[in-house]
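Commentary on secondary and tertiary structure
The residues making up each chain are set out below.
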Amino acid sequence: MAFDLQPTLKGKLLELRPLRPEDFDFLFAVARDPLVWEQHPASDRYQETVFRDFFREALDCGGAFVAIDATDGRIIGSSRFYGYDEAKSEIEIGWTFLARSHWGGSYNREMKQLMLRHAFKFVDRVIFLVGPENWRSRRAVEKIGGVEMESRVYRNGRESVAYEITAGQFETGPLN
């Protein structure tokens, strides 16, 4: 069975649906808050020209979602699947951001729960790459059961801390 990189996933708090070109203005309304990117290695993503490149890359990857608040239908953030490797039975979840109004764990937790549940229908391992100084995201990944791997990963000249969650860890971990 082929990995469906862009299903619509629904939870109690939010819905994840495939990113579309017409989502730019709504998503940029969230992304233009500099505090969203404050600890991120690409801390200038709140600038429209920088975010346009990020948005285009998200569309091009074929695995990006918008997160929609289930209570009012507003776009509140984004995440994506990336780098599916059938031979290694793994995929990455990343590039996640949420409006500050939705920080605090429950929305991110449900987003990751939905994505992980879907991913583990197809793979045995999910990887998260987080900037070394992005303590907010590192703690969030650890809260959902991410285990820091020993080696660092370098992509596009940027260092990342790698975390993993296996299917077995997910079944017995904090998201279930």
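Everything below is about the structure shown above.
Residues numbered from 1 in each chain as written. Predicted model: local features only at pLDDT ≥ 70, side-chain atom pairs only at ≥ 80, totals over all residues. Heavy atoms only, no water.

1. Regarding unusual backbone geometry
Rules: Counting from the N terminus, the helices are the DSSP runs of H or I reaching at least four residues and the strands are the DSSP runs of E reaching at least two. The buried label applies to any residue whose accessible area, calculated with a 1.4 Å probe on protein chains only, is under 20% of its type's maximum; exposed applies above 50%, and partly exposed to all values in between.
For Ser89, which is not glycine, the phi torsion reads 55 degrees and is therefore positive. Among the structural elements, Ser89 can be located in the loop between β4 (75-85) and β5 (90-98). Despite not being glycine, Trp95 shows a phi value in the positive range, around 60 degrees. When you line up the elements, Trp95 lands in strand β5. Classification of Trp95 as partly exposed rests on a relative accessible area of 21%.

2. Digging into the pattern of salt bridges
Cut-off, in case you're wondering: By definition here, a salt bridge exists when the distance from a side-chain nitrogen of Lys or Arg to a carboxyl oxygen of Asp or Glu is within 4 Å.
Enumeration over the complete set of coordinates arrives at 11 salt bridges. When salt bridges that share partners are traced, they join Asp53, Arg56 and Asp60 into one network.

3. Description of the environment of Ala119
Here is the rule we go by: Any two residues whose heavy atoms approach within 4.5 Å are treated as being in contact.
Within the secondary structure, Ala119 sits in helix α3 (residues 106-119). Of the residues examined, Ala119 reaches a relative accessible area of 0% and is grouped as buried. The sequence separation of Ala119 and Phe81 amounts to 38 residues, and the corresponding C-alpha distance is 8.7 Å. Leaving out residues up to four positions away in the same chain, Ala119 has contacts with Phe3, Phe81, Ile91 and Val126.

4. Comments concerning the nonpolar core
Put simply, the test is: We call a set of buried residues a nonpolar core when its members are Ala, Val, Leu, Ile, Met, Phe, Trp, Tyr or Cys and they connect through side-chain atoms within 4.5 Å of each other.
Residues Leu16, Leu116, Val126 and Phe128 are the most contacted members of the largest nonpolar core, which totals 30 residues. Broken down by secondary-structure element, the contributors of at least two residues to this core are β2 (14-18), β3 (64-69), β4, β5, α3, β6 (125-130), β8 (158-166) and α5 (167-172). For this core, the leading source of residues is α3, giving 6 residues. Those residues in contact with Phe128, other than ones at most four positions away along the chain, are Ile93, Lys112, Leu116, Val141, Ile144, Val161, Ala162, Tyr163 and Ile165. In this structure, Phe28, Ala31, Val66 and Ile75 belong to the second largest nonpolar core, which totals 18 residues.

5. A short note on the pairing of β8
This is how it is decided: If DSSP finds at least two bridges between two strands, the strands pair.
Taken together, the 6 bridges between β6 and β8 define a ladder with antiparallel strand orientation. Considered in β8, the bridge of Phe128 is made with Tyr163. Note: strand β7 (residues 147-155) against β8, 6 bridges, orientation antiparallel. Residue pairing for β8: Val147 is matched across the bridge by Glu164.

6. Digging into the packing of aromatic side chains
As a reminder of what qualifies: A pair of aromatic rings is counted whenever rings of Phe, Tyr or Trp (Trp by its six-membered ring) have centres within 6.5 Å, and the orientation is called stacked for planes under 30 degrees apart, edge-to-face for over 60 and tilted otherwise.
As enumerated under the stated definition, the model contains 16 aromatic pairs in all. Taking 5.8 Å as the distance between ring centres and 10 degrees as the angle between the ring planes, the aromatic pair formed by Phe24 and Phe28 counts as stacked. With a gap of 4 residues between them, Phe24 and Phe28 both fall in helix α1 (residues 24-31), about one helical turn apart. In this structure, Phe24 and Phe28 share a single accessibility class: buried. Between Phe24 and Phe51, the aromatic rings sit 5.7 Å apart at their centres with planes inclined by 50 degrees, giving tilted as the arrangement. Of this pair, Phe24 sits in helix α1 while Phe51 is found in helix α2 (residues 48-61), placing the two residues 27 residues apart along the sequence. What makes Phe51 buried here is its relative accessible area of 0%.

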